[in-house]
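Structure at a glance
Chain by chain, the residues run as shown.
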Amino acid sequence: MPINWTVEQIIKISPDAASAKAGKELANIRKWSRLGFDGQFVWGYCQGSGKDPYKACTDISEPAFKCSCPSHKFPCKHSIALFLLLANQEEAFAKAEQPDWVKAWAEARVKQAEKKAKKEEKKATEEVKPIDTAKQAKRIAEREAKIIAGLEELDLWLKDLIRQGLASVQTANYSFWDRPAARMTDAQAPGLARMIREMAGISVSGEGWQELLLERLSRLHLLTTSYKNLDKLPPLVQEDIRTMIGWTQKQDELLKNTGVADKWTVLGLKVEDDPLTPGLKTQRVWLQGQESKQFALILNFAFAKQPLDNSLVQNTTFQAELVFFPSAYPLRAVIKSRQNIIDNKEVMFSASISQAFASCSEALAKNPWIERFPMALENVVPAFSKDSWRLCDDESNEIAISPSYKATWELLAFSGGHPIKIFGEWYQNKFFPLNFWAEN
């Protein structure tokens, strides 16, 4: 198996900056012995402070890690160091047969995969316990009634807000937004509750807050009106509306559907704390299919110290089948099956900023509630213009960079004033960069 991993990609797998730094320091050939590599598994012994060296092993096809050290971090610094050594000094690794402890781990992984496959097969073939359709229909009807009652109250709140004028919210405290949001939670419409709470900080977000707040209120009004007329709308639009309200679809059920098989490139990745749920981290991974040219969003969540999925690494490409959530403009997806990473990273970029906005407009016409839209732009130059950082193309179009993006000077230095390719999210009328390329 070829080494398709770069140092940058390996560093991104690190659980935190301290582990990455320690891994770099340990990636020294003098600190390792009995290094071996058979094309898929790489192993070695790293001398620590104790008598016996730590035994580290990595399956580079996923990647997956194993180390005898007591660290609770995953991957640990020894695993990162071993991987970095392989990327930088492959010639230092003997083409050898796996030692017994590596064989044991590899066999255990195979058995675990087989056990999981058998369990899923058994689950699929087991006699499904009959669903009490009458009770299920009653629960759904009760929830529908609660939601409709909540929407009636929300409409009154929206009308009062517009009647008083948007300027009135500048002096309102958080309870002004929290009360109707709490009512939506009681009405079993958590999606609406989140939309309302996210508006609370718009009035203090700076210039242009009025337009942004009006847009958000309009989307909220459109959603409530649409839900009341749900049966008159196309099925996929109904799915988008129900999702925004807070109805969920089980991923187990979703994975029964046929997916889109393609070579998927990881264009960008962002992890951030959820501002409305303390302790919750959200990971957004953006993919693009090389044949389908379709964007896909993989969402992962973790509470407190729970680990997030680190197997999807930026700028890697892998063969996989993705199943998209039903939508008039599908973006969110789950991975049904995946294979090894391959060295193929063709990215489809928009020729101009206007073309990117045309795609965004087409998407919003199908699903007006898309919050973040992926944009891959080429031949754009970062520049400071009109009191803010922007990306400019050769057609004199501009797109504002989000003020929350803190690496604009690095972006400018990286470009050297020349056109670059860049990928990011269009969110709240601003572009947030996640990845960029220059000179290939």
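These figures come from a predicted structure and were not determined experimentally. Just so you know, the residues in each chain are numbered from 1, in the order the chain's sequence is written. Under the rules for a predicted model, residues below a pLDDT of 70 receive no local features and side-chain atom pairs below 80 are neither given nor counted, while totals for whole chains, interfaces and linings still include all residues. As a rule here, side-chain values come from all non-hydrogen atoms in the structure, and water together with hydrogens is ignored.

1. Quick word on the overall build of the protein chain
Of regular secondary structure, the protein chain possesses 12 helices and 14 strands. Using a 1.4 Å probe on the protein chains alone, a residue whose accessible area is under 20% of its type maximum counts as buried, one over 50% counts as exposed, and one in between counts as partly exposed. Residues classed as buried in the protein chain amount to 42% of the 440 residues present. Only heavy atoms enter the contact rule, under which two residues are in contact if any of them lie within 4.5 Å. Of all intrachain contacts in the protein chain linking residues separated by at least 6 positions in sequence, the fraction that spans at least 24 positions is 62%. Positive charges come from Lys and Arg, negative ones from Asp and Glu, while His and the chain ends are left out of the count. Charge coordinates come from a single atom per side chain, which is NZ of Lys, CZ of Arg, CG of Asp or CD of Glu. Distance from the positive charge centre (57 side chains) to the negative charge centre (55 side chains) of the protein chain: 6 Å. Numbering of helices and strands runs from the N terminus; a helix is a DSSP stretch of H or I covering at least four residues, while a strand is a stretch of E covering at least two.

2. Re unusual backbone geometry
In this structure, the amide linkage connecting F74 to the following residue, P75, adopts the cis form with an omega of -5°. Its location among the elements puts P75 in the loop between β4 (64-67) and α3 (77-88). Not every positive phi belongs to a glycine, and Q428 is a case in point at roughly 50°. Looking at where Q428 falls in the secondary structure, it is placed in the loop between β13 (420-427) and β14 (430-437).

3. Here's the deal with the sheet that holds strand β5 (residues 260-273)
Only when DSSP finds a minimum of two bridges between them are two strands counted as paired. The 5 strands are arranged β7-β6-β5-β8-β9 in an open sheet whose pairing can be described as antiparallel. Two strands in the sheet have a free side with no partner beyond their single neighbour: β7 (295-303) and β9 (333-342). The sheet shows a mean angle of 35° between the axes of neighbouring strands, taken without regard to direction. Where β5 lies against strand β8 (residues 317-324), 6 bridges are found, and the strand directions are antiparallel. Residue pairing for β8: D262 is matched across the bridge by A320. Between N-to-C directions, angles cover 0 to 180 degrees, with each direction set by a line fitted to C-alpha atoms, over the stretch in contact for helices.

4. A few points about the pattern of salt bridges
Put simply, a salt bridge is a Lys or Arg side-chain nitrogen that is within 4 Å of an Asp or Glu carboxyl oxygen. Under the counting rule described, the total for this entry stands at 20 salt bridges. The salt bridge involving E152 is made with K228; its shortest N-O contact spans 3.7 Å. Here the residue E152 occupies a position in helix α5 (residues 133-164), and K228 occupies one in helix α8 (residues 209-228), the gap between them amounting to 76 residues. Residue classification places E152 among the partly exposed residues on the basis of a relative accessible area of 43%. Between R372 and E425 there is a salt bridge, and its shortest N-O distance comes to 3.5 Å. Of this pair, R372 sits in the loop between α11 (353-366) and β10 (373-385) while E425 sits in strand β13; the two residues are 53 residues apart in sequence, bridging distant segments of the chain. Residue R372 is classed as buried on the basis of its relative accessible area, which comes to 19%. Among the ionic contacts, a cluster of salt bridges with common partners joins E272, R284, R372 and E425.

5. Side note on the state of the cysteines
Here, the term disulfide refers to a pair of cysteine sulfur atoms separated by no more than 2.5 Å. Throughout the structure, instances matching the rule amount to 0 disulfides. Distance from the sulfur of C57, which forms no disulfide, to the nearest cysteine sulfur (C67) is 10 Å. Sulfur of C67: no disulfide; nearest cysteine sulfur belongs to C76 and is 3.6 Å away.

6. Digging into the sheet that holds strand β12 (residues 398-400)
The 5 strands lie next to each other as β12-β11-β10-β13-β14, forming an open sheet whose pairing is antiparallel. At either end of the open sheet lies a strand with only one pairing partner, and these are β12 and β14. Strand-to-strand twist of the sheet, defined as the mean angle between neighbouring strand axes without regard to direction, takes the value 50°. Bridge count for strand β11 (residues 388-393) against β12 is 3 bridges, and the pairing is antiparallel. Bridging across to β12, C392 finds its partner in E398. In the packing of α11 onto the sheet, the strands contacted are β10, β11, β12 and β13, and the crossing angle to β10 comes to about 140°.

7. Some points on the environment of C67
Checked against the element boundaries, C67 lands in strand β4. Given the relative accessible area of 18%, C67 is considered buried. With 38 residues separating them along the chain, C67 and I29 place their C-alpha atoms 18 Å apart. Excluding anything up to four places from it in sequence, C67 contacts Y54, K55, A56, C76, H78 and S79.

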